[in-house]
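# A structural walkthrough
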Amino acid sequence: MAVAIQRPLKGSRISSFYPVKALPPISALDSAFQLQEYISLLIRLDVHDVEKIVAIPGKDQNDAADNGTTKGEEKETDKEAAGGIHVDPACWVYEHLRRVAQDLSHPLITMLQQECTRNSCPEMKAGEWLYLCVAHGNDGAMEQCCAIDYILHTLDSATALLNSPRAFPSRISVPSTSHRHFTSLCRRLGRIFAHAYFHHREVFEQAEAESSLYARFLALVKYFDLVPLEFLVIPPRMEGRPAESVEPPRLMGASLEPRADAGSHEGGGSWPGSNESPWRTDRGKSPPGPAGQARNESPRKFGRSRTDTMVYSEAYSVAEELA
């Protein structure tokens, strides 16, 4: 039997504005935007439970048992499966990216604007990489801009792409030709977290303690294999390790075959809960570093995948040599 979700009424107090104390099944949401509302309920229930937030609802009992869920949760899973609930993985990723772009504004970017200025961060960097902005010039020309402008331009372009009727004509079904945008969106949004982590650590930690947004973004990227692991430059959190001991991203420890571990994802590289192939395609490998034939001398750098908007910062290497 479907459960009616109570809507907030005019004049409601903030204490009673969200009356839902337990997560209802997705079939109980009588709305054209079920996935959006369901993700909002998951985040509102526990913003730090990122594994539950990014997992596709409606799994079978075996998956629930493997994940160590309780009997009550297994019963809810069985109910959804019996009701014929099927969530399209592409639509699930699309709605999550919409929510990530929305939640980036506050608290992370709101706090970044107070200390990340054109004077303090004249370039968009994360370690040895300099990121170029595609929002300048004509015919796809790329130019440098300060970090805060790059962040705002990236967020604006991501929002425009996610709301583009040409790229995503429907929120109920995502065409296969639009799957390629997910990788690009995740790669560019991840640069915002990387800059905040390595150049504004206190702001990053404060925002993460409040929203766990990067933890959710990282769980989403890994769950659906959206971005190659070498682009996740923020190191994993380690208990008892001081934040000052983490070095900036060097991106020099890649193997000669950075795609060798791509098949280790569960399901043989497929979407979890689906028989379709992942949308991420391998790009051509090109060694990073300054132009010239001598840039391939280091075997640790050879084969590193990069994009046209990632430029090796020679100033970083010069400063490192002088130090």
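Please refer to the structure placed before this passage.
Okay, so let's go over this structure. Remember, predicted model here, so these are calculated numbers, not experimental data. Numbering of residues begins from 1 in every chain and follows the order in which that chain's sequence is written. The predicted nature of this model means local features are confined to residues of pLDDT at least 70 and side-chain atom pairs, given and counted, to a pLDDT of 80 or more, with totals for whole chains, interfaces and linings taken over all residues. The basis for every side-chain value is the complete set of heavy atoms in the structure, and neither hydrogens nor water enter the calculation.

## Some words on the overall build of the protein
- Strands here are runs of E lasting at least two residues and helices are runs of H or I lasting at least four, both read from the DSSP assignment and numbered beginning at the N terminus. In terms of regular secondary structure, the protein is built from 10 helices and three strands.
- Going residue by residue from the N terminus, the α and β elements of the protein occur as α-α-α-α-α-β-β-α-α-α-α-β-α.
- Evaluated residue by residue, the protein yields a buried proportion of 44% over its 323 residues.
- Note on definitions: a residue-residue contact is assigned when non-hydrogen atoms from the two residues lie within 4.5 Å. Put simply, of all contacts in the protein between residues at least 6 apart along the chain, 69% involve residues at least 24 apart.
- All accessible areas in this document rest on Shrake-Rupley with a 1.4 Å probe, and a residue is counted as covered only by the protein chains that are shown. Only carbon and sulfur atoms are counted for the fraction: they give 51% of the accessible area of the protein, which is about 17,900 Å². The buried label applies to any residue whose accessible area, calculated with a 1.4 Å probe on protein chains only, is under 20% of its type's maximum; exposed applies above 50%, and partly exposed to all values in between.

## What about the pattern of salt bridges?
- By salt bridge we mean one thing: a side-chain nitrogen of Lys or Arg within 4 Å of a carboxyl oxygen of Asp or Glu. Under the counting rule described, the total for this entry stands at five salt bridges.
- Of the charged contacts, one joins D149 and R118 as a salt bridge, the two residues approaching to 3.3 Å between their closest N and O atoms. Taken together, the residues span a long stretch of sequence, with D149 in helix α6 (residues 147-162) and R118 in the loop between α5 (89-115) and β1 (125-126) at a distance of 31 residues.
- Taking the relative accessible area as the measure of exposure, R118 reaches 58% and is therefore exposed.

## Digging into the environment of V47
- Inspection of the secondary structure assignment puts V47 in the loop between α1 (34-45) and α2 (50-54).
- You can call V47 buried: its relative accessible area is 19%.
- A C-alpha to C-alpha distance of 8.4 Å links V47 and L213, two positions 166 residues apart in sequence.
- Apart from residues lying up to four places away in sequence, V47 is in contact with I53, E210, S211, S212 and R216.

## So, the packing of α5 against helix α7 (residues 180-199)
- The interhelical angle for the contact between α5 and α7, taken along N-to-C directions, is 20°, at an axis separation of 11 Å. When the axes of α5 and α7 are compared, the pair comes out roughly parallel. Between α5 and α7 lies a crossing of left-handed hand. Across the interface between the two elements, A90, V93, Y94, L97, V100, L104, L108 and L112 from α5 touch F182, L185, C186, L189, I192, F193 and A196 from α7. Fitted lines through C-alpha atoms serve as axes, helices being fitted only where they are in contact, and the angles separating the N-to-C directions of these axes extend from 0 to 180 degrees. With respect to orientation, any angle under 35 degrees is reported as roughly parallel, any angle over 145 as roughly antiparallel, any angle of 65 to 115 as roughly perpendicular, and every other angle as oblique. Definitions for this section: a left-handed crossing has its near helix turned counterclockwise from the far helix by less than a right angle. A right-handed crossing has that turn clockwise.

## Considerations on the packing of aromatic side chains
- Paired rings are identified among Phe, Tyr and Trp, the last through its six-membered ring, by centres lying within 6.5 Å, and are further divided according to the angle between planes into stacked (under 30 degrees), edge-to-face (over 60) and tilted (the rest). What the rule picks out here adds up to 11 aromatic pairs.
- When the ring of Y197 is compared with that of F204, the centres are 5.2 Å apart and the planes differ by 90°; the resulting orientation is edge-to-face. In terms of burial, Y197 and F204 fall into one category: buried.
- An angle of 35° between the planes, with centres 6.4 Å apart, marks the rings of Y214 and F217 as tilted.

## Concerning the side chain of R99
- Within the element layout of this structure, R99 appears in helix α5.
- By the criterion applied in these results, polar contacts are pairs of N or O atoms within 3.5 Å in which, for protein atoms, one can donate a hydrogen and the other can accept it, and in which residues neighboring in sequence qualify only through two side-chain atoms. A polar side-chain atom of R99 sits 3.0 Å from a polar atom in the side chain of S40.
- In this structure, R99 is in contact with I39, S40, I43 and R216, ignoring residues within four places of it in sequence.

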